[in-house]
Amino acid sequence: MDAQSRGRADDIDPADQWVLNPNTGEYEMRLPPSAPQSGVPGPRKPPASDTDPSALGSTQPLGRSEAPGRRRSEAPGRAVPPPRRRRGAQAPAPEEPLPGRRGRRPAKKAAKGKKALLWTGGVMAFVLVAGAGAAYFYIEHLNSNIASVSDDGASTGGFEKDKAINILLIGTDKRTGAGNEKYGDAGSVGHADTTILLHVSKDRSNATALSIPRDLIVDIPDCPTTQADGTQKVIPGTPKTRFNTSLGQDDRTPSCTMRTVTELTGVKPDNFMVADFNAVKTLTSAVGGVEVCLGKDIDDPDSHLKLSKGNHTIEGEQALAFVRTRHSVGFGGDLSRIGLQQQFLSALMRKLKDNDTLTSPSKMLDLAEAGTKALTVDSQLSSIGKLKDLGLELGKLNTKNLTFATTPVIDNPAEKVPTTVVLNESSAPQVFDMIKNDVSFTAVKEKKKKEAAAVAARLKGSKSAASEVRVRIMNGGAVAGSAQETLSWLQVEEGVTKSENAGNAPAELAKTTLEYAPDQADQARRLADIMGLPGSAMKPGKSVENAQGVPAMTLTLGKDFKGAGSSQTTPAKAPADVDKSTADKVECAE
């Protein structure tokens, strides 16, 4: 009896016999105790490559190594001779598993939270599969499903494992696919209908999914773009226009949306992922539907959603109608729909975490198939191997520390009847600063809190007079002229007369720092107070001699320097007026 027929007598699907081992994080074939064990080994592993299944871990289930003395089964058309042994020699010891084929091994402690999450309809389906360790199925087939386009130099060059991650997730309104022509403009070129900037912290303890309204008025910059035929074209920018036209309009590609986000937020994304309407339909069906909550009856003729108040499990066309509904919820605009979409994504992730999806290979395969077909990625992220690496990083996150937030906006004051929005300048910059500086929107680990408290303690204590502060100012990546501008401001406006311009730093720094000797701590605290420096900018170290030969501190203006007179401290929490929610909580749409 071969591996495919085992269990058939009891009407057991072999796919259901693959079970996720919580101790190893890998799938194993689990058979009833009475089932006979076949001596047929798994297929030979091909040479390693970026898309080779061996890159994702062993594909061999436990208990599949060849039994001692048992002859291997012959593959069709290929004779496999038994191993020879000398006459009179003892029977050989049990064979060690061949490379790439693992026998039983000691259980290891499972990594906390090692479950990759489904971040948005379509774009992260394969990430889920790869993070769970089941991506060795149909690797080449899945690779062929993935479409990619050039990032045109708009990204950082791709995410890195030891840094914070910023992924731009885009859902287009292009009506491709069966049944999708009934949703809105059937001739849409594919605008950026739904856009989320996903920021994952450097230590992977928290993440923020920041929605950017499609009707937000922005300046779209000039965009060097690789066209479909491979030619290069610079698409002229457009000032004061809707954000959603950063994609599709005038042949703009996702790289132009990426440049627009960088211009808007100051955050340069590492990668982008784009999904179409089919993603929501196919993925929700693959997991058996997701549960959503409505605080009232909804009958929306535009989105074709008709549901009563209460909890409902939705999938396919109904799920797509749900995420496209706006006229029947909230104020009936795009901002209301964003809240509905965030609720849907939270519900989808809870479903993936709480039900048997991660332990069902058949569902995982359905997710992989649906996700890769609905997915377009940038050229830095165009293989299963690279998506697998990203999935393993994202899989470290706990959903309770994933915050959904919306870019703070207000109605456009230039319109008598507002149809667009503009940034809320009183709170949007704080939100962008928190993402740029890797500040969590949720309370995270106690250890991190203690570390933050220790850093903040550097600001506590006595402060010397401003006239006693001796400091050399260097430009380490700030705008040209910043050192001289800061010197003038400190001397004229703040009374720090014992300061001097020391020119350019030997190397650029990402963040502004103030280095000082232990006996200069009171001077450092005064200068930090004047400049609004955070405790993290304070670097206990050593002093240097200034032009007069007297010990002085060193202030290096980094790339994050905001200008003389501007506070350098990043907000510790999001502004009170920012709409936000976490993925682990159920919310009902009103």
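Residues numbered from 1 in each chain as written. Predicted model: local features only at pLDDT ≥ 70, side-chain atom pairs only at ≥ 80, totals over all residues. Heavy atoms only, no water.

**Structural notes on the overall build of the protein chain**
In step 1: Each helix and strand in the protein chain was counted, giving twelve helices and 27 strands.
In step 2: In the protein chain, the share of contacts with a sequence separation of at least 24, taken over all contacts with a separation of at least 6, comes to 73%.
In step 3: Surface accessibility of the protein chain: about 28100 Å² in total, with carbon and sulfur atoms responsible for 51%. (Helix = DSSP H or I, 4+ residues; strand = E, 2+ residues; numbered from the N terminus. Contact = heavy atoms within 4.5 Å. Areas by Shrake-Rupley, 256 points an atom, 1.4 Å probe, with all protein chains shown as cover.)

**A word on the side chain of R472**
In step 1: By the secondary structure assignment, R472 is in strand β20 (residues 471–475).
In step 2: Here E500 takes part through its side chain, which lies 3.5 Å from a polar atom of the side chain of R472.
In step 3: Beyond its immediate sequence surroundings of up to four residues, R472 is in contact with E500, A502, V544, E545, N546, A552, M553, T554 and L555. (Polar contact = N/O pair within 3.5 Å; in protein donor to acceptor, adjacent residues only side chain to side chain.)

**Concerning the state of the cysteines**
In step 1: For the structure on display, the rule yields one disulfide.
In step 2: The disulfide that involves C223 links it to C256, with 2.0 Å between the sulfurs. Here the S-S torsion is close to 65 degrees, and the disulfide linking C223 with C256 is therefore right-handed. One end of the pair, C223, is in strand β8 (residues 223–226); the other, C256, is in helix α3 (residues 254–265), with 33 residues separating them in the sequence.
In step 3: Classification of C256 by relative accessible area gives buried; the value is 0%. (Disulfide = S-S within 2.5 Å. Buried < 20%, exposed > 50% of the residue type's maximum accessible area, 1.4 Å probe, protein only.)

**Description of the packing of aromatic side chains**
In step 1: Summed over all chains, the structure comprises one aromatic pair.
In step 2: Ring centres of F322 and F344 lie 6.3 Å apart, and the angle between their planes is 40 degrees; this geometry places the pair in the tilted category. Here F344 lies in helix α6 (residues 334–354) and F322 lies in helix α5 (residues 316–324), a separation of 22 residues in the sequence. Residue F322 shares its accessibility class with F344, and that shared class is buried. (Phe/Tyr/Trp six-rings, centres within 6.5 Å; stacked < 30°, edge-to-face > 60°.)

**Some remarks on the nonpolar core**
In step 1: Of all hydrophobic cores here, the largest spans 52 residues; its most connected members are L198, M273, I314, F322, F344, L390 and L402.
In step 2: Looking at this core element by element, the count peaks at six residues for α6. (Core = buried A, V, L, I, M, F, W, Y, C linked by side-chain atoms within 4.5 Å.)

**Here's the deal with the pairing of strand β21 (residues 499–504)**
In step 1: Sheet analysis places β20 next to β21, joined by four bridges and oriented parallel. Looking across to β21, one finds that N475 is bridged to N504. (Pairing = 2+ DSSP bridges.)

**Examining unusual backbone geometry**
In step 1: Phi is positive for D250, close to 55 degrees, though the residue is something other than glycine.
In step 2: Looking at where D250 falls in the secondary structure, it is placed in the loop between β10 (238–242) and α3.
In step 3: We classify D250 as partly exposed; its relative accessible area is 47%.
In step 4: Although it is not a glycine, D438 sits at a positive phi angle of roughly 60 degrees.
In step 5: Its location among the elements puts D438 in the loop between α9 (428–436) and α10 (446–456).
In step 6: Taking the relative accessible area as the measure of exposure, D438 reaches 21% and is therefore partly exposed.

**As for α5**
In step 1: Of all nine residues that make up α5, seven are buried, and the element is covered over most of its length.
In step 2: Every buried residue belonging to α5 is among G316, A319, L320, A321, F322, V323 and R324, and all of these are buried.

**Here's the deal with the side chain of Q341**
In step 1: Within the secondary structure, Q341 is located in helix α6.
In step 2: Apart from the residues lying within four places of it in its own chain, the contact partners of Q341 are T194 and V323.

**A few points about the pattern of salt bridges**
In step 1: Tallying each qualifying case throughout the model produces 19 salt bridges.
In step 2: Linking K163 and E160 is a salt bridge whose minimum nitrogen-to-oxygen distance equals 3.5 Å.
In step 3: Residue classification places E160 among the partly exposed residues on the basis of a relative accessible area of 38%.
In step 4: Linking R337 and D193 is a salt bridge whose minimum nitrogen-to-oxygen distance equals 3.4 Å. With R337 in helix α6 and D193 in strand β5 (residues 192–200), this residue pair connects regions lying 144 residues apart in the sequence.
In step 5: Relative accessible area serves as the criterion here: at 6%, D193 is assigned to the buried category. (Salt bridge = Lys/Arg side-chain N within 4 Å of Asp/Glu carboxyl O.)

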